[in-house]
Amino acid sequence: IFGFSMDRTDDLPKKVHSKTLIKAAQERDMPLMRSLLEKGHNVDSVDQDGSKNLSLAHLACDRGDLEMLKLLVEFKCDLNAEDHEKMTPFYNAVDKGQIE
């Protein structure tokens, strides 16, 4: 109906928010995250099931997870993305004391 198959990842539109990628990030499955990003999953996916509108970069910064953040930056994530309170990932990191 939209011109792409939900079973394939190589033809996903850039703006599709990947629930699979979000779940991999929540579980900190770095190999799966890399694989999904390499297949074109949206690096700026947002957890749309929650009301906080958190991007993957927000998740990495909230946790102080430098390895995850480096992976997301490698795939050109938006570091200026705003959550439901208009806070960026780096602001959240500072707010939570995750400074490295």
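Residues numbered from 1 in each chain as written. Predicted model: local features only at pLDDT ≥ 70, side-chain atom pairs only at ≥ 80, totals over all residues. Heavy atoms only, no water.

## Describing the pattern of salt bridges
Next up, step 1: The final tally for this structure, using the stated rule, is 5 salt bridges.
Next up, step 2: Here aspartate 65 and arginine 28 are joined by a salt bridge, their closest N and O atoms 2.5 Å apart. Placement of the pair is aspartate 65 in the loop between helix H3 (56-63) and helix H4 (66-74) and arginine 28 in the loop between helix H1 (19-26) and helix H2 (30-38), with a sequence separation of 37 residues.
Next up, step 3: Arginine 28 sits in the partly exposed class, given a relative accessible area of 36%.
Next up, step 4: Measuring nitrogen to oxygen at the nearest pair gives 2.8 Å for the salt bridge that ties glutamate 67 to arginine 28. Placement of the pair is glutamate 67 in helix H4 and arginine 28 in the loop between H1 and H2, with a sequence separation of 39 residues. (Salt bridge = Lys/Arg side-chain N within 4 Å of Asp/Glu carboxyl O. Helix = DSSP H or I, 4+ residues; strand = E, 2+ residues; numbered from the N terminus. Buried < 20%, exposed > 50% of the residue type's maximum accessible area, 1.4 Å probe, protein only.)

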